[in-house]
Amino acid sequence: MTGSTARSPVGGHASLLGRFEEVARAALPRLTADEGTVVEHELAVWETLAGPYPLPLAELAAVAAAVPERLYDDSARVLLRMHEIAGSGNHQSCLSSLPLVRACFDLGLVPQPGSDTGSTPAARAELIVGRGHIAPSFYAERYVRGSFPFTPLATLHHDGLTGVVDRAWGFGNTMRYSLGVGVAQAVSLAWQLRRRGERRKVVCLAGDGELHEGITFECLRFAHEAGIDNLVLVVDANGKGIEPLRAPVNQEYLSAYLGTIVDVDGQDSESVGKALGELLDAPGSGGLLCATQKEGHSFRPPADPSAPLRRPSFATGSGRFLADLQQSTDRPLAVFTGDMAARFGLAGAVEYENVGLAETLSIGLTLSLPADTLKVVATDAMYYMDSLSMLTEATTSTRNLLVLAGRSWGAWGGASNALNLLDQIMNTRCYEPVTEAEFAACVTRLLTEPATTHVLSMVDARFAEPGTDCSTDIDGAVWITPPADGANLDHAVISFGYAGVLVEEANRELGLPHLHCAALRPYLNAALTERLRRCRSLLSVEYNGVPGGFGEGLRARHLLPLTVHGVTGDILNCVHDKQLTRHGMAPAQLAELLRELRDPVSSGSPA
């Protein structure tokens, strides 16, 4: 997840300068005077570097060597500064694993700046990082060890340095969409090494919450039955995923598949390194349980007491919406979530069952409940991708099933057609409500058509609810900005879900006719369809993957002469405002599209 393909981190003279310079300069107001001085020094040196560099880490090491002074000698302090500058991230997760990361450096398990991330005979063992979001721990440790400059650290989560492990930045793990992949990659590599007759071991750094993933159970079972004896599983056992775990890691279970399991104080790098070294030297596979500590999941800077209260995200209203519906319908309610209670505001609103990261189980637990129970699965934009097979099973047998799929990425969990994919599952309809009334209308529709699973895209963004919505006809369309009565439509814009909020803001001064839908596959009446068909310039806008999506669906079903605008690329690892800009969905960008729609000749662009 390295952002724009135009900013490739590989090859060419000073190839990374263009990636980091603008973002780092934008961060200068958030830096201390000393940090700002070092950044300016590094950027000046960067301009003079003689490349090309075969690997990104080698280029960064060259910058670090040219500016050798270190602002900090404690990687924990570096981690904190990275998150303070970014204003977001997974600081506590990174801090929890930092002693384990230090031990991996001390044992020579982390690839050096000039080495490839593939198998190298000189390595003591191969390292796979399953805790994909702790990449900042490795950057911080590289910094204090002198092989990483400060400038990239100031760009974390702001379109510069990715917070997730990536092969380009020295990891043999390319996790993108889900946890648990690290264990699968480790077992795959261990199997391949044994198949080739190599004796090196594979070390997999994982988390205790990650071990809830179904794939980890499958992998450990296979490793045992396949006789894989060169796997060492290192578990950051902090007792938390996003929420506290129901129970600690079952050592007997791990021992049954891996053999020797060693307990160690995971907050002591020396103890971790000693125990891990012994497991590497001993015959056979094994596991290292590192007892660590973790506080809150997501990093938040201290609130400015003089600043106005931030509006909560729309998704966090889900708990309140469900509580209101339960009271008004007196319907039995069963809510399951994979560590996503905070995302949906469930705590204190409704009773729920946290299944950890076992998202397939969250669907599975709905299968045998009474038919009249409203079954709610609250999952993340990426997590539901792991449970599609079980979701297909549920749509053929489960009544009154409501899936809340929270998302902040424009591409819905990585694959740009993931939302559209959900719509293709048997007996399923997809909606993206942007008001509580639309949410209630979707649930009411479910209760009147219980055999159809209703998937609601719950946008994890902060916005004021629009004054006009589709709650009176959740499958139809409503004019946010109506055209003149009886007039032929010369141009118009049709939006889906969250895009309607963005288009409304972009259209305030322009006043183009704006039609809005909450359903991914809306039903448009014949009169409206004919009016749209005669439109000279028609634009559809969706914060969703274009292929097979909302706009293409309208064009195919109703033969509308429209231009489709939406997400066309993969997920991008940056904050929401940058997501909008990178996907061409920021209100200013949409306003320009609307101007071109209204004035195609004067703007010099076709409609």
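Residues numbered from 1 in each chain as written. Predicted model: local features only at pLDDT ≥ 70, side-chain atom pairs only at ≥ 80, totals over all residues. Heavy atoms only, no water.

Enquirer: I tried to follow the environment of Gly130 on my own but got confused; where do I start?
Expert: When you line up the elements, Gly130 lands in the loop between strand S1 (125-129) and helix H6 (135-144). Look at Gly130 and you get buried, because its relative accessible area is 0%. When the C-alpha positions of Gly130 and Ala184 are compared, they lie 8.9 Å apart, and in sequence the two are 54 residues distant. (Helix = DSSP H or I, 4+ residues; strand = E, 2+ residues; numbered from the N terminus. Buried < 20%, exposed > 50% of the residue type's maximum accessible area, 1.4 Å probe, protein only.)

Enquirer: Looking at this model, I keep getting lost on the packing of helix H8 (residues 214-225) against helix H9 (residues 251-258). Mind explaining?
Expert: Packed helix pairs are characterised by how far apart their axes lie and by the angle those axes make with each other. Where H8 meets H9, the closest approach of the two axes is 8 Å, and the angle between their N-to-C directions is 40°. Taken together, the axis directions place H8 and H9 in an arrangement best described as oblique. Packed against H8, whose contacting residues are Phe217, Leu220, Arg221 and His224, the element H9 presents Tyr253, Leu254, Ala256, Tyr257 and Leu258 at the interface. In terms of residue class, the contact of H8 with H9 is made up of seven nonpolar, one polar and one charged. (Axes fitted to C-alpha atoms, helices over the stretch in contact; angles between N-to-C directions. Parallel < 35°, antiparallel > 145°, perpendicular 65-115°, else oblique. Contact = heavy atoms within 4.5 Å. Nonpolar A, V, L, I, M, F, W, Y, C, P; charged D, E, K, R; others polar.)

Enquirer: Quick question: what am I supposed to make of the sheet that holds strand S5 (residues 286-291) here?
Expert: Strand-to-strand pairing in sheets goes through backbone hydrogen bonds, with the strands running parallel or antiparallel. Pairing is parallel in the open sheet, where five strands are placed in the order S1-S2-S3-S5-S4. Strand pairing shows two members of the sheet lacking a second neighbour, S1 and strand S4 (260-265), which therefore form its edges. On average, each strand axis in the sheet is tilted by 20° relative to the strand beside it, whichever way the strands run. Across six bridges, the pairing between S4 and S5 is parallel. Bridge pairing in S5 places Ile261 opposite Gly287. The sheet strands contacting helix H7 (residues 181-195) are S1, strand S2 (201-207) and strand S3 (231-237), and the helix crosses S2 at an angle near 175°. H9 rests against S3, S4 and S5 of the sheet, and its axis sits at about 135° to S4. (Pairing = 2+ DSSP bridges.)

Enquirer: Sorry, what's going on with the environment of Ala256 here?
Expert: Structurally, the position occupied by Ala256 is in helix H9. Remark: the alpha-carbon pair of Ala256 and Leu220, spanning 36 residues in sequence, is separated by 9.6 Å.

Enquirer: Looking at this model, I keep getting lost on the pattern of salt bridges. Mind explaining?
Expert: It is possible for side chains of opposite charge to pair when their charged atoms get near one another. The full count for this structure, using the stated rule, is 28 salt bridges. One salt bridge connects Arg221 with Glu225, and the closest N-O pair in it is separated by 3.0 Å. Taken as a pair, Arg221 and Glu225 lie in helix H8 at a separation of four residues, close to a single helical turn. According to the relative accessible area criterion, Glu225 is exposed, its value standing at 55%. (Salt bridge = Lys/Arg side-chain N within 4 Å of Asp/Glu carboxyl O.)

Enquirer: Mind showing me how you'd approach the side chain of His558 here?
Expert: Its place among the elements puts His558 in helix H19 (residues 550-558). In contact with His558, other than residues within four places in its own chain, are Pro522, Leu524, Thr529 and Arg533.

Enquirer: What is the right way to read the sheet that holds strand S14 (residues 514-517) from this model?
Expert: If you walk across this open sheet you meet the five strands as S12-S14-S13-S15-S16, and the pairing is mixed. Each edge of the open sheet is held by one strand with a lone partner, namely strand S12 (478-481) and strand S16 (562-567). Within this sheet the neighbouring strands show an average axis-to-axis angle of 25°, counted without direction. Two strands pair when backbone bridges link them, and strand S13 (residues 491-496) and strand S15 (residues 537-545) are joined in this way by six bridges, in the parallel orientation. Across the sheet, the residue bridging to Val493 is Leu539, located in S15. Sitting on the sheet, helix H21 (residues 587-598) is in contact with S13, S15 and S16, with an inclination near 160° to S15.

Enquirer: I would appreciate a short explanation of H21 in the present structure.
Expert: Side chains three or four residues apart in an α-helix point the same way, a direct result of the helix having 3.6 residues per turn. With twelve residues, H21 should cover 16 Å at 1.5 Å per step; its first-to-last C-alpha distance of 16 Å lies within 8% of that length. Those residues of H21 that fall on the buried side of the exposure criterion are Pro587, Leu590, Ala591, Leu594, Glu596 and Leu597. Against S13, helix H17 (498-506), S15 and S16 lie the buried residues of H21. (Expected span 1.5 Å × (residues − 1).)

Enquirer: Can you walk me through H7 in this structure?
Expert: Between its first and last C-alpha, H7 extends 21 Å over 15 residues, near the 21 Å set by a 1.5 Å rise per residue. Within the span of H7, buried status applies to Gly182, Val183, Ala186, Val187, Ala190 and Leu193. In a view along the axis of H7, the buried residues occupy a sector of 135°, so they form one face of it. Gly197, located one to two residues past H7, shows a positive phi value of around 80°. (Arc of directions from axis to C-beta.)

Enquirer: I'm lost on the packing of aromatic side chains in this one. Help?
Expert: Two aromatic rings, taken as a pair, are described by how far apart their centres are and by the angle between their planes. Within this structure, the stated rule accounts for 14 aromatic pairs. Here Phe105 and Phe138 contribute two aromatic rings whose centre-to-centre distance is 6.1 Å and whose plane-to-plane angle is 40°, an arrangement assigned as tilted. Placement of Phe105 in helix H5 (residues 91-106) and of Phe138 in helix H6 is noted, with a sequence separation of 33 residues between them. Just as Phe105 is buried, Phe138 falls in that class too. Ring geometry for Phe138 against Phe171: centres 5.0 Å apart, planes inclined by 85°, an arrangement best described as edge-to-face. Of this pair, Phe138 sits in helix H6 while Phe171 sits in the loop between H6 and H7, and the two are 33 residues apart along the sequence. Feature note: the residues Phe314, Phe321, Phe439, Phe463, Tyr498 and Tyr543 constitute an aromatic cluster, connected by ring pairs. The cationic tip of Arg70 hangs over the ring face of Tyr143; the distance from NZ or CZ to the ring centre is 4.3 Å. (Phe/Tyr/Trp six-rings, centres within 6.5 Å; stacked < 30°, edge-to-face > 60°. Lys NZ or Arg CZ within 6 Å of the ring centre and 35° of its normal.)

Enquirer: Sorry if this is basic, but what is going on with the environment of Val101 here?
Expert: Considering the arrangement of structural elements, one finds Val101 in helix H5. Residues Val101 and Ile134 lie 33 residues apart in sequence; the distance between their C-alpha atoms is 9.3 Å. Apart from residues no more than four positions distant in its own chain, Val101 is found in contact with Ile134, Ser137, Phe138, Glu141 and Leu205.

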